[in-house]
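Next come the chains, spelled out residue by residue.
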Amino acid sequence: MTASTTRRHLLTSAAASAALLGCPAILRAEGGDLVVGGAAGMAGYMKQFVFPVIEQKLGIRVVFDGTRSLVNLEKMRADRAAPRMSVVLMDDPVMQIAWDEGLLAKLSPQMVPNLGRIRPAAVHFDGAWANYQLPWAGIAYNTKALPQGVASYAALWQPAAKGKVIVPSLQNTEGLWTLIAASHLETGKPFQDAQYDAAAGFKKLAALKPNVLTVYTNQPQAENLLESGEASLMSGQFSSYTLIRTAAGAPVGLSAPQEGTFAMPSGICKVKDGPNGAAADAFIDAFLGPAIQSILVEKSFVLPTNPAATLPPGFAAPADPFAPDWAFVNRNRAAWIQQWNQIMG
Amino acid sequence: MRRPGLVWLVLPALFYGALLFALPLALLLIGSARGPQGWTLAAYSRFFAGSYAWGVVARTLRLAALTTLLSLALGYPAGFALARLRGRLQSLAVAALLLPLSLSVIVKAFGWTVLLRRDGVVNLGLQAAGLTGAPVRLLFTETGLLIGIVNIFLPFMMLPIYASVRQIDRLLPEAAATLGGGPLHCFLRVVLPLTLPGVGAGCTLVFSLAIAAYVIPTLLMGDAYQTLPTTIATAFLYLQDPQRGAVAGTVLLALSLLVVGMSAHFAARGAA
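Being a predicted model, the structure only gives us computed values, none of them experimental.

Asks: Is there a simple way to think about the overall build of chain B in this case?
Replies: A tally of helices and strands in chain B yields 12 helices and 2 strands. For chain B, the succession of helices and strands along the chain, N to C, is α-β-β-α-α-α-α-α-α-α-α-α-α-α. Here the C-alpha coordinates of chain B stretch approximately 70 × 70 × 35 Å along the principal axes. Within chain B, buried positions represent 42% of all 272 residues. Counting only contacts in chain B whose residues sit at least 6 apart along the sequence, the fraction spanning at least 24 positions is 71%. Of the accessible surface of chain B, which amounts to about 14300 Å², a share of 73% is contributed by carbon and sulfur atoms. Seen as two clouds, the 18 positive and the 6 negative side-chain charges of chain B have centres 7 Å apart.

Asks: What's the story with the domain arrangement of chain A in this structure? I'm lost.
Replies: One widely used convention gives an interface's size as the accessible area the parts lose upon coming together. Residues and elements named next belong to chain A. Taken as a whole, chain A is organised into domain 1 (33-133 + 265-304) and domain 2 (136-263 + 322-344). Put simply, the middle of domain 1 and the middle of domain 2, counted by C-alpha atoms, are 26 Å apart. Of the roughly 1400 Å² buried between domain 1 and domain 2, counting both surfaces, carbon and sulfur atoms make up 64%. The three residues of domain 1 that bury the most area against domain 2 are Arg 68, Pro 93 and Phe 301, which together make up 41% of that side's buried surface. Linking domain 1 to domain 2 there are 0 salt bridges. Here domain 1 is connected to domain 2 by 4 residue pairs in polar contact (both at pLDDT 80 or more).

Asks: Can you help me understand the pattern of salt bridges in this one?
Replies: Residue and element names in this part refer to chain A. All told, the structure shown has 13 salt bridges over all chains when counted by the stated rule. Among the salt bridges present, the one from Glu 74 reaches Arg 77, with a minimum N-O distance of 3.1 Å. Of the two residues, Glu 74 and Arg 77 both sit in helix α3 (residues 69-78), 3 residues apart, roughly one turn of that helix. For Arg 77, a relative accessible area of 17% puts it in the buried group. The closest approach of N and O atoms between Glu 101 and Arg 77, which form a salt bridge, is 2.6 Å. Of the two residues, Glu 101 sits in the loop between α4 (92-100) and β4 (104-105) while Arg 77 sits in helix α3, which places them 24 residues apart along the sequence.

Asks: Could you clarify how one ought to interpret a nonpolar patch on the surface in this entry?
Replies: Residue and element names in this part refer to chain B. Residues Phe 15, Tyr 16, Leu 19, Leu 20, Leu 23, Leu 27, Ile 30 and Trp 39 make up a contiguous nonpolar surface patch of about 910 Å² in total accessible area. Among the elements that take part in the nonpolar patch, helix α1 (residues 11-32) stands out by supplying 7 residues, more than any other. Within the secondary structure, Phe 15 is located in helix α1.

Asks: Sorry if this is basic, but what is going on with the confidence of the model for chain A here?
Replies: Note that predicted coordinates carrying low pLDDT should not be read in detail. Residue and element names in this part refer to chain A. Overall, the predicted model of chain A reaches an average pLDDT of 87, with 91% of residues at or above 70. Below pLDDT 50 for its whole length, residues 1-7 participates in 6 contacts with residues either more than four positions away or in separate chains. Confidence drops under pLDDT 50 across residues 10-28; counting only partners more than four residues distant or on other chains, this segment forms 13 contacts.

Asks: Where do I start with the interface of chain B and chain A in this structure?
Replies: Counting residues at the interface gives 37 residues for chain B, matched by 39 residues for chain A. Around 3200 Å² of area is buried between chain B and chain A when both sides are counted, 56% of it from carbon and sulfur atoms. There are 1 salt bridge connecting chain B and chain A. For A:Glu230, the salt bridge is made with B:Arg118, and the minimal N-O distance between the two is 3.8 Å. For the pair chain B and chain A, the number of links is 8 residue pairs in polar contact (both at pLDDT 80 or more). Going through the elements one at a time, α3 (52-84), α4 (87-98), α5 (105-115), α7 (142-167), α10 (215-221) and α11 (228-237) of chain B are the ones with two or more residues in the side of chain B that touches chain A. Grouping the amino acids of the side of chain B that touches chain A by side-chain chemistry returns 17 nonpolar, 10 polar and 10 charged.

Asks: Teacher, can you tell me more about α11(B) here?
Replies: Residues spaced three or four apart along an α-helix point in a common direction, a consequence of the helix completing one turn every 3.6 residues. Here α11(B) lies mainly inside the structure; 8 of its 10 residues are buried. Within α11(B) the residues assigned to the buried category are B:Leu228, B:Pro229, B:Thr230, B:Thr231, B:Ile232, B:Ala233, B:Thr234 and B:Ala235.

Asks: Just checking my understanding: could you explain the pairing of strand β9 (residues 212-216) of chain A for this structure?
Replies: Regular strands place side chains that alternate from one sheet face to the opposite one. Residues and elements named next belong to chain A. Of all the 5 residues making up β9, 5 are buried; the element is thus mostly covered by neighbouring parts of the structure. Pairing geometry for strand β8 (residues 165-168) and β9, over 4 bridges, is parallel. Bridging from a neighbouring strand, Val 165 pairs with Val 212 of β9.

Asks: Where do I start with the packing of aromatic side chains in this structure?
Replies: Aromatic ring pairs are described here by two measures, namely the spacing of the ring centres and the angle between the planes. Residues and elements named next belong to chain A. Enumeration according to the criterion identifies 22 aromatic pairs over all chains in this entry. Judged by centre distance (6.0 Å) and plane angle (45°), the ring pair of Phe 51 and Phe 283 falls under tilted. Of this pair, Phe 51 sits in helix α2 (residues 43-58) while Phe 283 is found in helix α10 (residues 277-288), placing the two residues 232 residues apart along the sequence. On the basis of relative accessibility, which here comes to 3%, the residue Phe 51 falls in the buried class. With relative accessibility at 0%, the residue Phe 283 sits in the buried group. An angle of 85° between the planes, with centres 5.5 Å apart, marks the rings of Phe 238 and Tyr 241 as edge-to-face. An identical accessibility class is assigned to Phe 238 and Tyr 241; each is buried. Aromatic rings pair up to connect Tyr 153, Trp 177, Phe 191, Phe 262, Phe 322 and Trp 326 into one cluster. Directly above the ring of Phe 49 sits Lys 299, whose terminal nitrogen or CZ lies 4.7 Å from the centroid.

Asks: In this structure, what is going on with the nonpolar core? I would like to understand it.
Replies: Within soluble globular proteins, side chains that are nonpolar tend to cluster in buried spots. Core analysis: the biggest nonpolar cluster contains 92 residues, and A:Met46, A:Phe283 and A:Phe287 have the highest contact counts within it. In terms of residues, this core owes the most to one element, helix α12 (residues 326-344) of chain A, which gives 8 residues. Residues from two domains meet in this core; each of domain 1 (33-133 + 265-304) and domain 2 (136-263 + 322-344) of chain A gives at least three. Sequence-distant contacts of A:Met46, that is, excluding residues within four places in its chain, are made with A:Phe51, A:Pro52, A:Leu89, A:Tyr132, A:Phe287 and A:Leu296. In terms of nonpolar packing, the next biggest core, distinct from the first, is built from 68 residues, A:Leu243, B:Leu146, B:Phe153 and B:Leu252 among them.

Asks: When you look at α10(A) in this model, what are you seeing that I'm missing?
Replies: Its 12 residues give α10(A) an end-to-end C-alpha distance of 17 Å, which sits within 8% of 16 Å, the value for a rise of 1.5 Å per residue. Looking only at α10(A), the buried set comprises A:Ala279, A:Ala280, A:Asp281, A:Phe283, A:Ile284, A:Asp285, A:Ala286, A:Phe287 and A:Leu288.

Asks: Help me out: how do you make sense of the environment of A:Ile97 in this one?
Replies: Residue and element names in this part refer to chain A. For Ile 97, the position within the fold is in helix α4. In this structure, the C-alpha to C-alpha distance between Ile 97 and Asn 330, residues 233 residues apart in sequence, is 8.2 Å. With residues near it in sequence (within four places) discarded, Ile 97 still touches Leu 73, Arg 77 and Asn 330.

What counts and what doesn't
- Residues numbered from 1 in each chain as written.
- Chains lettered and ligands numbered in written order.
- Predicted model: local features only at pLDDT ≥ 70, side-chain atom pairs only at ≥ 80, totals over all residues.
- Heavy atoms only, no water.
- Helix = DSSP H or I, 4+ residues; strand = E, 2+ residues; numbered from the N terminus.
- Buried < 20%, exposed > 50% of the residue type's maximum accessible area, 1.4 Å probe, protein only.
- Contact = heavy atoms within 4.5 Å.
- Areas by Shrake-Rupley, 256 points an atom, 1.4 Å probe, with all protein chains shown as cover.
- Lys, Arg positive; Asp, Glu negative; His and termini not counted.
- Charge placed at Lys NZ, Arg CZ, Asp CG, Glu CD.
- Domains from an automatic or database assignment.
- Buried area = accessible area lost by both parts, 1.4 Å probe.
- Salt bridge = Lys/Arg side-chain N within 4 Å of Asp/Glu carboxyl O.
- Polar contact = N/O pair within 3.5 Å; in protein donor to acceptor, adjacent residues only side chain to side chain.
- Patch = residues over 30% accessible without salt bridge, like charges linked within 9 Å, V, L, I, M, F, W, Y side chains within 5 Å.
- pLDDT = per-residue confidence, 0-100.
- Nonpolar A, V, L, I, M, F, W, Y, C, P; charged D, E, K, R; others polar.
- Pairing = 2+ DSSP bridges.
- Phe/Tyr/Trp six-rings, centres within 6.5 Å; stacked < 30°, edge-to-face > 60°.
- Lys NZ or Arg CZ within 6 Å of the ring centre and 35° of its normal.
- Core = buried A, V, L, I, M, F, W, Y, C linked by side-chain atoms within 4.5 Å.
- Expected span 1.5 Å × (residues − 1).

Rendered as C-alpha cells:
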C-alpha cells in the first residue's frame, strides 16, 4: 500500500514536471508585427528609446531578434524561401556578403524618401543597404578599477591586467579591432598597413593569452562582467554599446587610445521577399530620418548619417576613426577565425 | 499470441525517427566523406592534421568524463537517499529534482555566471566557511565549468540510480547479513551489482549530454574553450565549411557511441 501511494505521488510529481517541460514560453511574431534582426548588444537602447517611437509613429509592433551579424546572415540564408525577418541591422562587411548572395531587396527613394537625404557615402550599391549611424570603437574599462581610463592598447598586455581582460571573438566583427591593434603594436605600422599583417597580429595576441579572462561571442554577458568588476578591460568596444551604459550610471567608460580608434558604420537593409514590405520600408525610412538619428546620437553616442540630425550640446567623438579594408577582411576572415581559435584555445 | 494489427501503431514513430533522425544522420555521414571527386577521407585528414583537433577531442572527452564521474560520485548516494525516503517527503524530493529540468539550460548557465563571480554566492560561501581568505577565480575556469555542468546534469544521474535502488528487494541485504556478510561485503556483492543497470543508464545519459554540451561551456568558459560541439557550430555558422562540421559531428557521434557502448557492456557484465 505504501509502495502504491508512493508511486502515485511520484507519478503526480512527474506529470506536473512534464507539464511544465512541455509548455515553454514560445513567443511568435503575429502577422502585423515587423521582425527586425540586429546585434544583441544594441537591444537595450533600441527597445528603450528607438522602437517605441517608431511603433507609435507607424502603428506597428517591432519584434527584435538580437544576435550576431553572422548569425543573422545565416538565418537569412536558411529562411531564403520564406523569410521571417523583414529588416536587418548589420555591420557593413556582413551586409556585403548578404548583398552578394542576393538576400537583400534594394531600397528605393520612392519608398524610402530619406535615402536621398543621408550622406551619399552611407548608401551602398545604389540602395542595397544604407548606414544609419557611425559608432566608433576603443577600449572599455571598469571605472572603479581604472579611474584614469586607458591611454594605449598596450594596457591590455600589461602584467597588472592578468586575468582581467575580455576580448571579443573574431566571430564578432568587433574582434577585428584587437587583431589590428595587436599588429600595429607588434610592427609599429599605422593601422592602414598593419591591417594587412595578420601574422604579426596573431603573434602579439598569443602574448595576450595570460591576461584574457574570456573571449566572448555574447556581448551583453561580457558587458555584465565588466560592470561587475570581474573584468577591468574589454577591447574593441563600440560607443553605441559602452557609453550608453556609462550614461545609465554603470561603472564603465570608453577610452580612445592614443594609437587611434576604429569605425564601423552600422547598416540597415530590407530582406528580399520578407514579410510586411511596406512597413519595412517605413521602418527603414524612419531609421534614416533626422528624428530617430537624433535619438541615436544622443542615446548611443554615434555620429549620424543624416545631416539634418541634431547633435546634443557638448557631443564629442574621436576624429577620423579607422575603417578597415572590408573586402580583405571578408576574404581572410574564415582562416583568421581558425587561427584565432588555435591561439586562444 | 501475435497481434499483427498493433504493429501499425509503431509506424508513425518509425517514420518520425527515420525522417528527422536517421536521414539527417545519414546525410551528415555522407557529407563528411564525399568530395567533388567522390568518396574520400580527405576531410578527416585535414581535420586531424596538426595538434589542434586532437586537443579539442581530448578536451571534449575530458569534460564529459569528469562530468560523469563527479555526477556519479554525488548522484549515487543521493539516489540511494531518495529511494529510502517515504511518502510526501519522497514526492517533494523527486519534484525538487525534476522541477529544475523545466528551466532552460541557458537560464541555468547564466545563473551560474553570476554565482561564480568573485563577489558571487559561491565565493562568499567559501570565504564565510574559512576555506579561502580572498575571492578565488571560478568563472571561466574548468572548476567553475564542472560545478555548473554537474549541477545541471545531476538529475539525469540520480533518477536512474533511484529507480534501480527502488527495485531492490530489501530482504536481500538482510539475507546476506544473516549469512554472515559484513556491511561492506553486502554492499559490494549484493547491493552494488543490483544498482549497476541504474549506474550504467545514468552514466550513459550524463556522458551523452556532457559530450554534446554547447550552451554551458560557451557561457561558463567563453569562446576560448573549444570542444567538438563548438567546433561544429563554428564550422557551419562562421567558416561556411559544412564538411568540417560534418567531420566534427561524425567524430562526436563515434566517441559517444563508443563510450556509451562500453558503459552499457560493463553495466550488463557487472549486473550478470
